[in-house]
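Tertiary structure, described
Listed below are the residues making up each chain.
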Amino acid sequence: MVAAAIAGMVLPLAVLTWLGSPVLGVIAGLAMAAPSAMIVLGIRGQNAAIAQIEGQPGAALAVLQQLRGTWKVTPAVAFSGKQDLVHRVVGRPGVILVGEGRRSRVRALLRQEARKTARISGDIPVHEVSVGHADDQVELGGLRMHVMKLPRAMKAKEIGPLDRRLHALGGSDLPLPKGPLPNVRRPR
C-alpha cells in the first residue's frame, strides 16, 4: 500500500517538475497518492475476505453477490444433503450455473439444473462453472473475473425477463426447520 502511494506521488511530481512546475507536481502527487493507496487497500481487503470464507458452504454465493452491474443472482437453485450447492447467475453472458462442493456430486447437480434451465432459456447459452481447486474447476478467488470474462450473448434489457422466466421454474426450498426454535429461553 505504501509502495502504491509512493508511486502515485512520485510519477506526477517527476513529470510536472520536468515540465517546470514543481508546486503543481506536489499537489498532483498528493492527489494521486491517496486514491492509489485506497485501491490497493480495497484489493487486499477483498482477498482477505475471500481467504477467510474459502471452504465454507455459500462462499461462491458471497463472491457472486459482489458482482457490479446488471447481474441477477439466485442462491441455491439446487442442492444436495451434503451441502453441495448450485447458484444461478443471469447476466450479459447468458445463464451461468455455479456449483460448489465435492466435484462429482456438483457435476451431477450442474447437469440436472442445466437441462431444466435450457428448456426455459431457449437459444441463450447456459454456462456451467464448478468452484474448487481441481484442474477443471475455478478457484474462489478467480470466480468473479471468470464470470465477468465470459463472452456476451445478451443485451442488458433481456436479463430481467429471462430472470423472471427462470424464477417461474421454481427452485428447491432449502431444508430449514419450520416453526419455533426448540430449547430457546425467553428473557423475563
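Refer to the structure above for everything that follows.
Quick look at the structure, then. (Residues numbered from 1 in each chain as written. Predicted model: local features only at pLDDT ≥ 70, side-chain atom pairs only at ≥ 80, totals over all residues. Heavy atoms only, no water.)

A closer look at the side chain of serine 130
Inspection of the secondary structure assignment puts serine 130 in strand E4 (residues 126–131). Exposure remark for serine 130: the relative accessible area of 12% places this residue in the buried category. Side-chain polar atoms of serine 130 contact the side chain of glutamine 137, separated by 3.0 Å. (Helix = DSSP H or I, 4+ residues; strand = E, 2+ residues; numbered from the N terminus. Buried < 20%, exposed > 50% of the residue type's maximum accessible area, 1.4 Å probe, protein only. Polar contact = N/O pair within 3.5 Å; in protein donor to acceptor, adjacent residues only side chain to side chain.)

Quick look at the nonpolar core
With 17 residues, the main nonpolar core has Leu64, Ile96, Val98, Leu140, Leu143 and Val147 as its most contacted residues. Sorting the residues of this core by element identifies helix H3 (59–64), strand E3 (94–100), E4 and helix H5 (143–148) as the ones contributing at least two each. Top element by residues in this core is H3. It accounts for 4 residues. Beyond its immediate chain neighbours, meaning those up to four positions away, leucine 143 contacts Ala60, Val63, Leu64, Val98, Val129, Val131 and Val138. Residues Val77, Val95, Leu110 and Leu162 belong to the second largest nonpolar core, which totals 15 residues. (Core = buried A, V, L, I, M, F, W, Y, C linked by side-chain atoms within 4.5 Å. Contact = heavy atoms within 4.5 Å.)

Focus on the side chain of arginine 88
Structurally, the position occupied by arginine 88 is in strand E2 (residues 85–91). We classify arginine 88 as buried; its relative accessible area is 1%. Setting aside its immediate chain neighbours within four residues, arginine 88 contacts Lys72, Val73, Thr74, Val77, Val95, Ile96, Leu97, Glu113, Leu166 and His167.

Details of helix H4 (residues 103–121)
Between its first and last C-alpha atoms H4 spans 25 Å; for 19 residues at 1.5 Å apiece the expected length is 27 Å, and the two agree. Within the sequence span of H4, burial applies to Val106, Leu109, Leu110, Glu113, Ala114, Thr117 and Ser121. (Expected span 1.5 Å × (residues − 1).)

Remarks on the pairing of strand E1 (residues 72–79)
Pairing geometry for E1 and E2, over 5 bridges, is antiparallel. Bridging from a neighbouring strand, threonine 74 pairs with arginine 88 of E2. With antiparallel pairing between neighbouring strands as the criterion, E1 and E2 make up a hairpin whose turn holds 5 residues, including glutamine 83 at a positive phi of roughly 65°. (Pairing = 2+ DSSP bridges.)

Quick word on the packing of H4 against helix H6 (residues 159–168)
Running from N to C, H4 and H6 point in directions that differ by 130°, and their axes come no closer than 10 Å. Classified by the interaxial angle, the pair formed by H4 and H6 is oblique. Between H4 and H6 lies a crossing whose hand is right-handed. When H4 is examined against H6, the residues Thr117, Ile120 and Ser121 are found in contact with a partner set consisting of Leu162, Arg165 and Leu166. (Axes fitted to C-alpha atoms, helices over the stretch in contact; angles between N-to-C directions. Parallel < 35°, antiparallel > 145°, perpendicular 65-115°, else oblique. Left-handed = near helix turned anticlockwise from the far one by under 90°.)

Concerning the pattern of salt bridges
Enumeration over the complete set of coordinates arrives at 5 salt bridges. The residue arginine 107 makes a salt bridge to aspartate 136 at a minimum N-O spacing of 4.0 Å. One end of the pair, arginine 107, is in helix H4; the other, aspartate 136, is in the loop between E4 and H5, and 29 residues separate them in sequence. With relative accessibility at 52%, the residue aspartate 136 sits in the exposed group. Salt bridges linked by common partners bring Arg88, Glu113 and Lys116 together as one network. (Salt bridge = Lys/Arg side-chain N within 4 Å of Asp/Glu carboxyl O.)

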